[in-house]
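# Results of the structural survey
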Amino acid sequence: MSVFTHGLRVRSGPHAVRALVELLSSMRFAIALLTVICIASIIGTVLKQHEPINNYINQFGPFWAEVFRAARLDSIYSAWWFLLILAFLVVSTSLCIARNTPRIFADLKNYKESIRVQSLRAFGQRAETVLQETPDGAANRIGQLLAGGGWKVKLQHRDGDGWMVAARAGGAHKLGYIAAHGAIVLVCLGGLFDGDLIVRAQTWFNGKSVYTGGGLIADVAPQHRLSPNNPTFRGNILVPEGGQGSVAILIQSDGVLLQELPFSIELKKFIVDYYATGMPKLFASEVVLHDRETGRQVPARIEVNHPASYKGIEIYQSSFDDGGSSVKLKAVPMGAAAKSFELEGVIGNSAEITNGTERLTLEYTALRVINVENFGDAGALTSGADVRKVDLRSDIESRLGAANKTNKPKVLRNIGPSIGYKLRDAAGQAREYQNYMVPVDTGDGQPVFLLGMRERPEEPFRYLRVPADDQGSMDGFVRMRAALADADMRTRAIERYIARTTDPKRPELAQQLRISAGRALALFAGAERAKADAVSSGGWQAIAEFMEANVPEAERERAGAVLVRILNDVLYEVLNLSREKASLAVLPADDKTQTFLTQAVLALSDSYFYPAPVAMMLTDFQQVQASVFQVARAPGKNIVYLGCLLLIVGIFAMLYVRERRLWVWLAKDAKGGGTEATMAFSVNRKTIDSDREFERLKDRLLALRKDSAS
């Protein structure tokens, strides 16, 4: 059977209709559609789907974000043009099948027994011999041998005492074409049924509309809700422990639709087990399904890859989230004017905080009880995320903390709870923060509190590392920060430093040192500016700007070393003065104190870049878990399964089943009393196996071996 790239040619009707049918049923059109679908699928895999428009703007810019939205690249699999392509592919492939199936079945019934004898001698695989039997006997013998070997055989008697034995085998090869193309139709139909086509059709023809607002689910109007009898859908539902849910969220490119379920899901208990590293190895949900019509209660356990099924709806364990945990926070001052205070809240809610003039909205976004981080490089952090994200190193490599890049193996460790929140200003701009509850030893022997911040969701967190004092709290750093901002405390620290390091008999040296130390400490504290147009407001950056403006380049290295030594000694006095003010013992000048002081000085310097007046530290929490379920009614999946089975069968048949045809012409030998036999063999794909089969047939049917003359 020949395969043509042109389509079905209609002999009557308008020219436009005939051209359209020919195009739709042509192989080149189907291949073009498959190519477009493959390209679209690649885009849908690379580009995150159904993300908020702001995420695309942040990542790609306003222009490309609008292009993606206009072309529906952010929701390819529900885009009208993608569904239209699928529909055209179904039509095109169906027409191809309709065009070729009659020809295939006709070819399966045709033994081609009327082939001319001269044509047999033109075959590449042929053999001729003389048999010592009559043509009738030879024809019957050969026919029986072929039939016993699984061949379909037909005998034709021709005038002149000649017999044509025609046989064929491997007809499943042609049936593979029908199976493979039918599989494409079934898979596309299954995709159309289980995709957004039916859901979208309800927004087009059934008066439903996408919901773009906010608020409680119970307050959403009926025109945004789909019936429980909706034949196909796929959505998500979040259920907190002890709560119930009966409405799934169907995310659309321009909003959401609410899908009413014929039952409600009650989460009795959420179960999560962890490996020794703190990574989750199992999370499951013990649920009760409440039938909304009959009141029947069906208990079930839902695990990853082990869904529950009820009334034709599959319920999958998708992920887990916070179900409204209550948290207690303490605001730690990060600026001289800020004051400490405490507040309580619930994850998902918000509160207003103010310093009297500026108002900020505090949004509680996440409580993470388990945080697994990579300490492969002597304990340096690598990810700053929860248990579902394991690699943190790239997040601590900016100004807020110094971390070095390495390629060493990962060493995973749970570093305890963290609180995530946003601070939104009056203009609506927000920064995201993530602060860890307990101090972490990142490898240098000094535990630190990690205060993470990022400007945009696609950015990694940058971390300010605040050292924990001898009581395991941030109080030591806060006291030192307050003392540094106090002019009187700075003066007292300088005098202590002068008294400790200079000879009383040399007052002129003491005065010079007092001036240098006073200027350096004021610059570091932000009380003075390095120059009129200085960028930095304090810390080591202000010292660097001062030296660039006032010290010749050739002398900067030596002067810088002296200034750093002086400043560190004075800050040691500031630290002890802050402890004395709190009625605590002074710290000795040993290695432990030096380690704390070094990290405290780095944190003080970095704190001038911290964009908020306070850092919210988690002091206590009451966790409420929630399960995120994916609920799906997918009648098309059985069609897809059937299509996949047909595709496997079809490809196997086309690749591994060889279609063979055999002809043997038997006629009386004009020179003697025997029978002249001419055999020809044809195969759709010539291989070594086909050559071997031909040799076996020669030996079996004509008693001709490979080494004999043919």
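This text follows the structure it describes.
This section reports on the structure supplied with the text. In this text, all values refer to a predicted model and were calculated from it rather than measured experimentally. (Residues numbered from 1 in each chain as written. Predicted model: local features only at pLDDT ≥ 70, side-chain atom pairs only at ≥ 80, totals over all residues. Heavy atoms only, no water.)

### Digging into the side chain of Asp669
Mapped onto the secondary structure, Asp669 falls in the loop between strand 25 (660-668) and strand 26 (675-683). Here Asp669 falls in the buried class, since its relative accessible area comes to 16%. Those residues in contact with Asp669 that sit more than four places away from it in its chain are Val130, Gly674, Thr675 and Glu676. (Helix = DSSP H or I, 4+ residues; strand = E, 2+ residues; numbered from the N terminus. Buried < 20%, exposed > 50% of the residue type's maximum accessible area, 1.4 Å probe, protein only. Contact = heavy atoms within 4.5 Å.)

### Observations concerning a nonpolar patch on the surface
Taken together, Leu647, Ile651, Phe652, Leu655 and Tyr656 make up a surface patch of nonpolar side chains, about 520 Å² in accessible area. Here Ile651 is to be found in helix 16 (residues 636-656). Overall, the relative accessible area of 37% leaves Ile651 in the partly exposed class. (Patch = residues over 30% accessible without salt bridge, like charges linked within 9 Å, V, L, I, M, F, W, Y side chains within 5 Å. Areas by Shrake-Rupley, 256 points an atom, 1.4 Å probe, with all protein chains shown as cover. Salt bridge = Lys/Arg side-chain N within 4 Å of Asp/Glu carboxyl O.)

### Quick notes on the sheet that holds strand 3 (residues 162-169)
The five strands are arranged 1-26-25-3-2 in an open sheet whose pairing can be described as antiparallel. Pairing within the sheet leaves two strands with one partner each, and these edge strands are strand 1 (125-131) and strand 2 (152-158). Each strand axis lies, on average, 15° off the axis of its neighbour in the sheet, ignoring direction. In terms of strand pairing, strand 3 meets strand 25 through seven bridges, oriented antiparallel. Its bridge partner lying in strand 25, Ala169 is registered against Arg660. Sheet strands in contact with helix 17 (residues 688-702) are strand 1, strand 25 and strand 26, and its direction is about 160° off that of strand 26. (Pairing = 2+ DSSP bridges. Axes fitted to C-alpha atoms, helices over the stretch in contact; angles between N-to-C directions.)

### Some words on the pairing of strand 24 (residues 625-633)
In terms of residue burial, strand 24 counts as a mostly covered element, since eight of its nine residues are buried. Sheet analysis places strand 5 (residues 233-240) next to strand 24, joined by eight bridges and oriented antiparallel. The residue of strand 24 that forms the bridge with Asn236 is Gln630. Pairing between strand 11 (residues 313-322) and strand 24: eight bridges, direction antiparallel. Bridged to Asp322 within strand 24 is Gln625.

### Quick notes on the sheet that holds strand 12 (residues 326-333)
Strand order in this open sheet of three strands is 13-12-23, and the pairing throughout is antiparallel. Every interior strand has two partners, whereas the edge strands, strand 13 (341-346) and strand 23 (614-622), have only one. Strand after strand, the sheet turns through a mean of 30° between neighbouring axes, direction not considered. One ladder, built from six bridges, connects strand 12 with strand 13; its direction is antiparallel. When the sheet's bridge partners are listed, Lys328 is paired in strand 13 with Glu344.

### Description of the pattern of salt bridges
Taken as a whole and assessed by the stated rule, the structure comprises 32 salt bridges. A salt bridge links Asp107 to Arg661; the shortest N-O distance between them is 3.9 Å. Here the residue Asp107 occupies a position in helix 5 (residues 80-109), and Arg661 occupies one in strand 25, the gap between them amounting to 554 residues. Here Arg661 falls in the buried class, since its relative accessible area comes to 6%. Taking the shortest distance from any N to any O, the salt bridge between Lys174 and Glu659 comes out at 2.1 Å. With Lys174 in helix 8 (residues 172-194) and Glu659 in the loop between helix 16 and strand 25, the pair connects residues that are 485 residues apart, well separated along the chain. Since its relative accessible area comes to 13%, Glu659 is described here as buried. One salt-bridge network, held together by shared partners, links Asp107, Lys174, Glu659 and Arg661.

### Regarding helix 16
With 21 residues, helix 16 should reach 30 Å at 1.5 Å per residue; the first-to-last C-alpha distance of 30 Å fits that figure. Every buried residue of helix 16 is listed here: Gly636, Gly643, Gly650 and Ala653. Seen from one end, helix 16 has its buried residues packed into an arc of 105°, which puts them on one side. Exposed and facing more than 90 degrees away from the buried side of helix 16 are Asn638, Tyr641, Leu645, Ile648, Phe652 and Tyr656. Summarising the contacts, the buried residues of helix 16 are in contact with helix 8. (Expected span 1.5 Å × (residues − 1). Arc of directions from axis to C-beta.)

### Examining the environment of Phe341
With respect to the secondary-structure elements, Phe341 resides in strand 13. Apart from residues lying up to four places away in sequence, Phe341 is in contact with Leu329, Lys330, Ala331, Ile353 and Met616.

### Remarks on the packing of helix 12 (residues 507-525) against helix 14 (residues 556-581)
Between helix 12 and helix 14, whose axes approach to 10 Å, the crossing angle comes to 75°. When the axes of helix 12 and helix 14 are compared, the pair comes out roughly perpendicular. Of the residues in helix 14, those touching helix 12 at Leu513, Ala517, Ala520, Leu521 and Phe524 are Leu563, Ile566, Leu567, Val570, Leu571 and Val574. Tallied by class, residues from the contact of helix 12 with helix 14 come to eleven nonpolar, no polar and no charged. (Parallel < 35°, antiparallel > 145°, perpendicular 65-115°, else oblique. Nonpolar A, V, L, I, M, F, W, Y, C, P; charged D, E, K, R; others polar.)

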